[in-house]
Amino acid sequence: MGVDLATSLRLASKLTKTSTFLCPFLSINTLFKFDRFRPESGYPAPYATVYHNMALLALKGFSSLPKNCLSLCTVFSAAAILINLIRDLTGKKVSQYVPIPTAMAIPLYMGPYFAIDMCLGSFILFVWGKINKAEAEAFAPAVASGLMCGDGLWALPSSILLWLELGLPFA
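According to its UniProt record, the chain has this under Subcellular location (unreviewed entry): "Membrane". Listed under Sequence similarities (unreviewed entry) in UniProt, the entry text for the chain is "Belongs to the YSL (TC 2.A.67.2) family."

Here is the structure:
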């Protein structure tokens, strides 16, 4: 009792057309339901500001950006390409000390706690590698994944700072 290829392709085509038709309506309803710009909304969306500003940029063009934003984006993009070229063209001894631009950009997107987690995790991996290199190489990906998917290393210091009621600029 199998389904032949032609039947499954027709079904996939119908589902694609249906989802393409429904997507704008569902998107608009979802936007109004989870709109962070409406104070009466009970469901704030943390990344709503980012996507809202991306939509404004798409509508208004580059003239809506701050004064030197496009110049800074160009310079930092060129720097990232240059750093990647340096990393690719140098030998393994040198390239291991050259940072990866994508990895440096993650904290800008994820938040500063992620940078602290990565720094502490790198330090722990460095010390672990000095103590037992084989074990560190074997378990480093699993430990790193656990730290990234879980609360991370910054959860404990963050909780202590919150408990001590220390605010900005310290915490």
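From this point, things continue past the structure.
Caption draft 1: Region of interest: the overall build of the chain. Along the backbone of the chain there are 8 helices and 0 strands. Helices and strands appear in the chain in the N-to-C order α-α-α-α-α-α-α-α. Here the chain, with 171 residues, has 8% of them falling under the buried criterion. Nonlocal contacts in the chain, meaning residues at least 24 apart in sequence, comprise 24% of its contacts between residues at least 6 apart. When the accessible surface of the chain is totalled, it reaches about 14,200 Å², and 72% of it is carbon and sulfur.

Caption draft 2: Focus on the UniProt feature "transmembrane region" (unreviewed entry) in the chain. Taking the UniProt record as the reference, the feature "transmembrane region" (unreviewed entry) is found at residues 69-86 and 106-127. Split by type, residues 69-86 is 100% helix and 0% strand. Its first and last C-alpha atoms lie 26 Å apart.

Caption draft 3: Inspection of the layout of surface pockets at higher detail. Of the voids in this model, the largest pocket is the one considered here, and its volume is about 990 Å³. Elements supplying a minimum of two residues to the lining of the largest pocket: helix H5 (101-110), helix H6 (112-131) and helix H7 (133-149). Counting residues per element, the lining of the largest pocket draws most heavily on H6, at 9 residues. Of the residues that constitute the lining of the largest pocket, the class distribution is 18 nonpolar, 3 polar and 2 charged. Each pocket or cavity is described by its volume, and for the second largest pocket that value is around 350 Å³. Every residue lining the second largest pocket is listed: Leu-72, Cys-73, Phe-76, Ser-77, Ala-79, Ala-80, Ile-83, Pro-101, Met-104, Ala-105 and Leu-108. Put simply, the parts of the chain that give the lining of the second largest pocket at least two residues each are helix H3 (69-89) and H5. With 7 residues, the single largest contributor to the lining of the second largest pocket is H3.

What counts and how
Residues numbered from 1 in each chain as written. Predicted model: local features only at pLDDT ≥ 70, side-chain atom pairs only at ≥ 80, totals over all residues. Heavy atoms only, no water. UniProt positions renumbered as here; feature names shortened; annotations may be inferred. Helix = DSSP H or I, 4+ residues; strand = E, 2+ residues; numbered from the N terminus. Buried < 20%, exposed > 50% of the residue type's maximum accessible area, 1.4 Å probe, protein only. Contact = heavy atoms within 4.5 Å. Areas by Shrake-Rupley, 256 points an atom, 1.4 Å probe, with all protein chains shown as cover. 1 Å grid on protein atoms, 1.4 Å probe; cavity = no way out; pocket = protein on both sides within 12 Å on 5 of 7 lines; lining within 4 Å. Points joined across faces, edges and corners; volume = space filled by probe spheres on them. Nonpolar A, V, L, I, M, F, W, Y, C, P; charged D, E, K, R; others polar.

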